[in-house]
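# What the coordinates show
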Amino acid sequence: MVIIIVTTLVIAVIGIAVGYGLVYTGKKFYVEVDEREAAVRECLPGNNCGACGYAGCDAMAAAIVSGEAPANGCPVGGAPVAEKVSDIMGVDAGATQRRVAFVRCKGSCEVTHNQGNYVGIRDCRTAVLSGLNVTECGYGCLGFGSCAQACPQDAIRVVDGVAMVNRKKCVGCGLCVKACPRGLIELVPEDKRVIVQCSNKDRGPLVKKVCSAGCIGCGICQRQCEHDAIHVEGNLAQVSYEKCVQCGKCAAKCPAKVITPAPETATRQDIPA
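Residues numbered from 1 in each chain as written. Predicted model: local features only at pLDDT ≥ 70, side-chain atom pairs only at ≥ 80, totals over all residues. Heavy atoms only, no water.

### Remarks on the overall build of the chain
Let me state the cut-off plainly: Per the convention used, a helix needs a DSSP run of H or I reaching at least four residues, while a strand needs a run of E reaching at least two, with both numbered from the N terminus. When a residue's accessible area, from a 1.4 Å probe over protein chains only, is under 20% of the maximum for its type it is buried; when over 50% it is exposed; and in between it is partly exposed. Any pair of residues with heavy atoms lying within 4.5 Å of one another is described as a contacting pair. Accessible surface area values rest on a Shrake-Rupley calculation with a 1.4 Å probe, where residue burial reflects the displayed protein chains alone. In this count, Lys and Arg are taken as positive residues and Asp and Glu as negative ones, while His and the chain termini are left out. For the purpose of locating charges, the reference atoms are NZ of Lys, CZ of Arg, CG of Asp and CD of Glu.
The secondary structure content of the chain amounts to 10 helices and eight strands. Sorting the 273 residues of the chain into buried and exposed places 39% on the buried side. In the chain, 60% of the contacts between residues at least 6 apart in sequence involve partners at least 24 apart. On the chain, roughly 15300 Å² of surface is accessible, and the fraction owed to carbon and sulfur atoms is 57%. Of the charged side chains in the chain, 29 are positive and 25 negative; the average position of the first set lies 8 Å away from that of the second.

What follows is the structure, given as structure tokens:
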């Protein structure tokens, strides 16, 4: 009986000591949390996509509160989220322009062909790692849909061998950009529709051998532009979105019709919802 009482007392004393130790440790190493951090986190969409450059929405909220990231730093939330966050932080949200993904390839099954039948995992990254050039164009879309699998919004689908983006669904998270092993996808301002839909940097004759819709680097577009917004670099036309005024003159004169004009055929990259 005495042993039981002693054991109980010892356990009780140890429990009390541990409890006091935990309380002391908690107070000693307590880190004060800014209430604004929870409020900002509540405003963020919760995708945890990493498009902002941080590990997730929790990290992004902490960065905004600490001043490391701007109030409009969430590309997925866009202007509505930036406005809420700026109200919490008491700062100006700044101008936020929505960006959407664009696939810089026009190489559908009608204009180019596969070199052979690829036998393996239906994944673009795996196909590239195999060392084989699946399509005739070594720069074009492989069409296995790694970007579509990465998209949390179901905004990308492979149509006729080429990935296509639904601009209405796209939130600009950039996960598809990271998923494409050939770097064919870029985020562009939503209101910019004059875009070169090709990534082939070979000379014109070589481009035409593998894709009838590829950029031949002729420079006609560059000569048409009155705003110095398009240049041929590395045999490929490149658009400066900051300078482009969307006049569409370059698209109208492009002999390969590889520049997506605005607004007449602006929905070529859009797919049904």
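### Overview of helix α4 (residues 78-89)
Convention followed: To estimate how far a helix should extend, the number of its residues minus one is multiplied by 1.5 Å.
Between its first and last C-alpha atoms α4 spans 16 Å; for 12 residues at 1.5 Å apiece the expected length is 16 Å, and the two agree. Check the buried side of α4 and you find it contacts α2 (35-43) and α3 (57-66). Two residues or fewer past α4, Gly 90 is found with a positive phi of approximately 70°.

### Quick notes on the pairing of strand β3 (residues 162-165)
Note the following rule: Pairing between strands is defined by DSSP: at least two bridges between the two strands are required.
Burial of β3 is two-sided: the residues Val 162 and Met 164 facing one way and the residues Ala 163 and Val 165 facing the other way are all buried. With four bridges joining them, strand β2 (residues 156-159) and β3 adopt antiparallel strand pairing. If you follow Val 158 over to β3, its bridge partner there is Ala 163.

### A few points about the nonpolar core
We apply this condition: Definition used in this section: a nonpolar core is a set of buried Ala, Val, Leu, Ile, Met, Phe, Trp, Tyr and Cys residues joined via side-chain atoms within 4.5 Å.
Ala 101, Val 103, Ile 185, Val 196, Ile 230, Val 258 and Ile 259 are the most contacted members of the largest nonpolar core, which has 40 residues in total. Going through the elements one at a time, β1 (99-103), β3, β4 (185-189), β5 (195-196), β7 (236-239) and α10 (249-253) are the ones with two or more residues in this core. Here the element with the most residues in this core is β1; it accounts for four residues. Core analysis: the second largest hydrophobic core is formed by 18 residues, Ala 61, Ile 64, Val 76 and Val 81 among them.

### Points about a nonpolar patch on the surface
Applicable threshold: Like charges are joined within 9 Å and nonpolar side chains (Val, Leu, Ile, Met, Phe, Trp, Tyr) within 5 Å, but only among residues with over 30% relative accessible area and no salt bridge; these make up the patches. Between Lys or Arg on one side and Asp or Glu on the other, a salt bridge is scored when a side-chain nitrogen of the former is within 4 Å of a carboxyl oxygen of the latter.
Together, Val 2, Val 6, Val 10, Ile 14, Val 18 and Leu 22 make up an exposed nonpolar region whose accessible area comes to about 550 Å². Of note, Leu 22 is situated in helix α1 (residues 2-28). Looking at Leu 22, the relative accessible area reads 60%, which means it is exposed.

### Some words on the pattern of salt bridges
Two side chains bearing opposite charge may form a pair once their charged atoms approach each other closely. Counted according to the given criterion, the structure contains seven salt bridges. A salt bridge links Lys 243 to Asp 228; its shortest N-O distance comes to 3.2 Å. On the criterion of sequence distance, the pair formed by Lys 243 in the loop between β7 and α10 and Asp 228 in the loop between α9 (220-224) and β6 (230-233) is long-range, its members being 15 residues apart. With relative accessibility at 41%, the residue Lys 243 sits in the partly exposed group.

### Side note on the environment of Val 194
Mapped onto the elements of the fold, Val 194 is located in the loop between β4 and β5. When the C-alpha atoms of Val 194 and Asp 92 are compared, they prove to be 31 Å apart, with 102 residues separating the residues in sequence.

### Re the confidence of the model for the chain
Quick reminder of the rule: Known as pLDDT, the predictor's per-residue confidence is scaled from 0 to 100.
Confidence in the prediction for the chain averages 84 pLDDT; 90% of positions are at 70 or higher. When mean pLDDT is compared element by element in the chain, α9 scores highest at 95, while α1 scores lowest at 76. Counted against residues more than four places away or in other chains, residues 262-273, with its pLDDT under 50, gives 30 contacts.

### Section: the packing of α2 against α4
Between two packed helices, what matters for the description is the angle formed by their axes and the separation of those axes. The line we're drawing: Axes here mean lines fitted to C-alpha atoms, for a helix over just the part in contact, with angles spanning 0 to 180 degrees between N-to-C directions. For classification purposes, angles smaller than 35 degrees are called roughly parallel, those larger than 145 roughly antiparallel, those between 65 and 115 roughly perpendicular, and all remaining angles oblique. Polar here means any residue outside two lists: the nonpolar Ala, Val, Leu, Ile, Met, Phe, Trp, Tyr, Cys and Pro, and the charged Asp, Glu, Lys and Arg; Gly therefore counts as polar.
Relative to each other, α2 and α4 sit at 170°, their axes nearing to 9 Å. When the axes of α2 and α4 are compared, the pair comes out roughly antiparallel. Counting all contacts with α2, which are made through Arg 36, Ala 39, Val 40 and Cys 43, the residues of α4 involved are Val 81, Lys 84, Val 85, Ile 88 and Met 89. Here the residues of the contact of α2 with α4 sort into seven nonpolar, no polar and two charged.

### Some words on the side chain of Ser 86
For clarity, the threshold we go by: Whenever two N or O atoms come within 3.5 Å, that pair is a polar contact, provided that in protein one can donate a hydrogen and the other can accept it, and provided that, for residues adjacent in sequence, both atoms are side-chain atoms.
Tracing the chain through its elements places Ser 86 in helix α4. Classification of Ser 86 by relative accessible area gives buried; the value is 5%. In this structure the side chain of Ser 86 is engaged in a polar contact, spanning 2.7 Å, whose partner is the backbone oxygen of Glu 83.

### Digging into the environment of Ile 259
Its location among the elements puts Ile 259 in strand β8 (residues 259-260). In this structure Ile 259 comes out as buried when scored by relative accessible area, which is 4%. As a C-alpha pair, Ile 259 and Lys 106 span 153 residues in sequence and 9.7 Å in three-dimensional space. Those residues in contact with Ile 259, other than ones at most four positions away along the chain, are Val 194, Ile 195, Val 196, Cys 221, Ile 230, Cys 250, Ala 251 and Cys 254.

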